[in-house]
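Spelled out, the chains give:
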Amino acid sequence: MAFAEERRAGTQENLSQLAAQTPEGAQLEGEVASPDYLIGPGDVIELLVLRNPDLSGVYTVRPDGRVSTPLIEDLVIVGHTPTTLARELEEKLSVYVQDPIITVIVRSFVGDLRQQIRVVGAAQQPRAVAFRDRMTVLDVMIAVGGLSSGADGNSAILLRREGDGEERRQIELRLDDLVDGGDSSANVAMEPGDVIIIPEGFFSGDWRVTPTISFNQTFTDNVDLDPDGQEEEAFISTVSPGITFSANAARIRWAFSGDVALSNQNGGEDEGFNADIDLNSSGNVEVFEDLFFIDGSASVSQEVLNNDTADSGSDDNNSNRDTIQNYRFSPYLQNRFGDFASAETRYRLSQVFIDSDDVSNTTEHELSYNLSSGEDFTQFTWRLALSASEATSSDDDDVSRRDINFTTTYAVTRQFFLIGTVGYQQFDDGDSDNDISDPTWRTALRWQPSSRTQVEVGYGQSDDETSFDGTVRYDISPRTRFTASYDETLRTSQEALGRNLDNIVFNPDTGQFENGDTGQVVDSANDLPFEVDDETTRVSTFRMGLNGSRGRNTFGSNFRIQTEDNGGGDEDQTEYGLRADWGRTLNNRTRFNTSGEYEYNDLGDSIETEYTFRSGLSYSVFNNVSASVNYTFRLRESDTSSDDEFMENAVTVGLSATF
């Protein structure tokens, strides 16, 4: 349910009704007669010189309050009425024209500052409005389009000048009652020079709560993902009640999407009743304005913990999957030191719970402080970053980090930037091979020819090794983006899950969670290319993707190479992945989607290859009810053991509804 949309629709209806109920020229208590109109900057005036059309013309008053005519340059006209301006022009033109007769017509009104009504804050179109005789606050609200979705209209105030001085008195306004409630008693007569200030409300904004329920019937010809000759068929019936919530308010940005999948399987190892939770959540709350904030995010899903293990291409078949719960909570303070610098002090609590005896649950506490240059620095900017974290594992050694970095950026030109970083790093995970206590450094070049393009390439030392890194972003169109990146890092699986969680964002236009860098839709932040385990590994990642939409089509093509250096005697692992997606809206009720995916996993002692193809059709039966049919094919091959190979075909027919 979209509360902000209802408010906007009601606002426009109420404004129209109130405007119709208020007769033109009606006298309200306290109303004053308007003085003759004073011309102001931005006004459009027409000068008509009798019998001299070549001296006539239409002019816009410049911000300095002047206009230039064919015979008179830089004539100051601000503060004149049309009549007094005509008389002054006649006097000045009399030097060139005998007995000139001039008429001044104001074609477009902005008005002298002393006659404007200024509206600031949470209006649909905050701006200055020219004062008119018998103007009321309702007339002003109609002129600025009403209240914005985040406005606290009943906390608005009107500032009115007292006498000839600069002192102003405050008048409380009830704009919510007037605009949303249609209460004409909240209407107030305006005076020239009034200022209306409309604050934002903590909870005012766009709130949407959408209960959902879906029914899926899946048939799979290999429910346990067994090798050739051992397949077992099964039907999986699933009911998933859920809810999607999003808040886009003045000081709250939050989204949540979750459901409980209640399924019954009539065959295979997991035969019987099962219940699983799937959710994603991400958001920010501004508790105290411009000072204290809270970030939070969460993801719960069923994932394969070991890439040696088979994984179904069907969402309803949870064979070999375990539940991962991934949470982050982060309050922080922001401070400004004038135009010199700004600071952020942040605490982050991260927790990962894994429903498996083979992997540790982890709780991490991190404290960080960042000090960044302010507006006093333009060509040369800087940033100081300090952080300390402690991660406690339930079954393995704890992980301790300490980092300090000082980064400077120098704008060589408007397009090219030099970046340099120096710092120090400490890392301890209980394994002496991974103990680090060394300086760090990085130098980089950034090229940013426009807001659509950014390329950065760097080289430096971190995690006790030197390496290259780089990113490329190019917005081909407002809805299509190309990205590429390469980086190397030392991390645990739990740290990788936390970083994935930080990168998911909610798109209010689509109602889905997306990767913040690529814009690609993500179902979960808990999917890792390698094992979810307790080891510290050095991971090198290259990604490249093209994602976007054009007309009725959405598309994506994403490629990755990821290498995991396990150190010691463990085998290194490399994964190559390629995925292509395409969807098309066939008509206002029907949409077609298809995707293909290829994965090549070199696990050191074996090579596993997977091919996945998906295709589906959805149909909107009613505005809130849709039906779908989806087909999934997955083939897994192994060069060492046929026991690791399987092929699965799955067909799912579904019906979903929103309320």
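In case you missed it, the structure is sitting above this.
Since this is a predicted model, take the numbers as computed values, not measurements.

Observations regarding the overall build of the chain
Per the secondary structure count, the chain includes 5 helices and 34 strands. Relative to the compact-globule value of 26 Å for 659 residues, the chain shows a C-alpha radius of gyration of 33 Å, a clear excess of over 25%. Once the C-alpha set of the chain is aligned to its principal axes, its extents read approximately 105 × 60 × 45 Å. Buried positions account for 42% of the 659 residues belonging to the chain. Considering only intrachain contacts with a sequence separation of at least 6, the fraction spanning at least 24 residues in the chain is 55%. Surface accessibility of the chain: about 33500 Å² in total, with carbon and sulfur atoms responsible for 51%.

Side note on the environment of I157
Along the polypeptide, I157 turns up in strand β8 (residues 157-161). By relative accessible area, I157 is classed as buried at 19%. Taking C-alpha positions, I157 is 5.4 Å from L173, a pair spaced 16 residues apart along the chain. Setting aside residues no more than four positions away along its own chain, I157 makes contact with Q170, I171, L173, V195, I196 and I197.

Observations regarding the sheet that holds strand β9 (residues 168-172)
With mixed pairing, the 5 strands of this open sheet are ordered in space as β7-β6-β10-β8-β9. Edge strands, defined here as strands with exactly one partner in the open sheet, are β7 (128-130) and β9. The mean angle between the axes of side-by-side strands here comes to 20°, regardless of whether they run parallel or antiparallel. Relative to strand β10 (residues 195-198), strand β6 (residues 116-121) runs parallel, the two being bridged by 4 bridges.

Some thoughts on a negative patch on the surface
Side chains of D355, D357, D358, D395, D396, D397, D398, D428, D431, D433, D435 and E535 sit close together on the surface and give a patch of like negative charge. Along the polypeptide, D433 turns up in the loop between β21 (416-428) and β22 (436-450). Residue D433 is classed as exposed on the basis of its relative accessible area of 65%.

What to know about the pattern of salt bridges
Taken as a whole and assessed by the stated rule, the structure comprises 33 salt bridges. We note a salt bridge from R169 to E162, for which the minimum N-O separation is 2.5 Å. A residue is classified by how much of its surface remains accessible, and R169, at 39% relative accessible area, is partly exposed. Judged by its relative accessible area of 36%, E162 is partly exposed. Note that R348 and E366 form a salt bridge whose closest N and O atoms lie 2.9 Å from each other. Pair noted here: R348 is in strand β17 (residues 341-354) and E366 is in strand β18 (residues 362-373), with a separation of 18 residues, a long-range link.

Some thoughts on helix α2 (residues 82-93)
Its 12 residues give α2 an end-to-end C-alpha distance of 16 Å, which sits within 8% of 16 Å, the value for a rise of 1.5 Å per residue. Listed as buried for α2 are L85, A86, L89, E90 and L93. The arc enclosing the buried residues of α2, seen along the axis, measures out at 140°, which places them on a common side. Opposite the buried face of α2, at more than 90 degrees from it, the exposed residues are T83 and E91. In the core, the buried residues of α2 are packed alongside β1 (44-49), β4 (75-76) and β5 (102-108).

Focus on the sheet that holds β1
Judged by pairing direction, the sheet is antiparallel, and its 3 strands sit side by side in the order β2-β1-β5 without closing on themselves. Among the strands making up the open sheet, the edge pair consists of β2 (57-60) and β5. Strand-to-strand, the axes of this sheet are offset by a mean angle of 25°, without reference to chain direction.

As for the pairing of strand β30 (residues 573-585)
For strand β29 (residues 553-565) and β30, the ladder comprises 12 bridges, and the chain directions are antiparallel. Bridged to F555 within β30 is W582. Here β30 runs beside strand β31 (residues 590-602); their pairing, made up of 12 bridges, is antiparallel. Across the sheet, D581 pairs through a bridge with S595, a residue of β31.

Digging into the side chain of D194
Along the polypeptide, D194 turns up in the loop between α4 (175-180) and β10. On the accessibility criterion, D194 (0% relative accessible area) is buried. Polar side-chain contacts of D194 include one of 2.7 Å to the side chain of R160. Sequence-distant contacts of D194, defined by excluding residues within four places in its chain, comprise Q116, I117, R118, L158, L159 and R160.

Structural notes on the pairing of strand β32 (residues 607-622)
Here β31 runs beside β32; their pairing, made up of 13 bridges, is antiparallel. Pairing of E597 across the sheet is with T612, part of β32. In this antiparallel pair of consecutive strands, β31 and β32, the connection spans 4 residues, and G604 shows a positive phi of 90°. Strand direction decides the pairing type here: β32 and strand β33 (residues 625-638), joined by 14 bridges, are antiparallel. Within the sheet, the bridge partner assigned to E610 lies in β33 and is R636. Hairpin connection from β32 to β33: 2 residues lie between these consecutive antiparallel strands.

About the criteria used
Each residue is numbered by its place in its chain's sequence as written, counting from 1. Selection of residues for local features in this predicted model requires a pLDDT of at least 70, selection of side-chain atom pairs for listing and counting requires 80 or more, and totals for whole chains, interfaces and linings are taken over all residues. Side-chain measures were taken over the full set of non-hydrogen atoms in the model, leaving aside hydrogen atoms and water. Secondary structure counts use DSSP, requiring at least four H or I residues in a row for a helix and at least two E residues in a row for a strand, with both numbered from the N terminus. With C-alpha atoms as the basis for the radius of gyration, the globule rule is written as 2.2 Å multiplied by the number of residues raised to the power 0.38. For every residue, the accessible area obtained with a 1.4 Å probe (protein chains only) is divided by the maximum for its type, and the residue is called buried under 20%, exposed over 50%, and partly exposed between those limits. Whether two residues are in contact is decided by their heavy atoms: any pair within 4.5 Å suffices. Only the protein chains shown count as cover for residues, and the accessible areas themselves come from Shrake-Rupley with a 1.4 Å probe. Think of it this way: DSSP has to see at least two bridges between two strands before they count as a pair. Structural elements are reduced to axes, namely lines fitted to C-alpha atoms, with helices fitted over the stretch in contact, and the angle between N-to-C directions of any two is expressed from 0 to 180 degrees. Like-charged residues within 9 Å of one another, or nonpolar side chains (Val, Leu, Ile, Met, Phe, Trp, Tyr) within 5 Å, are grouped into patches, provided each residue has over 30% relative accessible area and no salt bridge. What counts as a salt bridge is simple: a side-chain nitrogen of Lys or Arg found within 4 Å of a carboxyl oxygen of Asp or Glu. Counted as positive: Lys and Arg. Counted as negative: Asp and Glu, with His and the chain ends omitted from the count. Just so you know, the charge point we use is NZ for Lys, CZ for Arg, CG for Asp and CD for Glu. Working rule for helices: expected span equals 1.5 Å times residues minus one. What the arc describes is the spread of directions from the helix axis to the C-beta atoms. Polar contact is defined as a pair of N or O atoms within 3.5 Å, subject to the rule that within protein one atom must be able to donate a hydrogen and the other to accept it, and that residues adjacent in sequence are counted only when both atoms are side-chain atoms.

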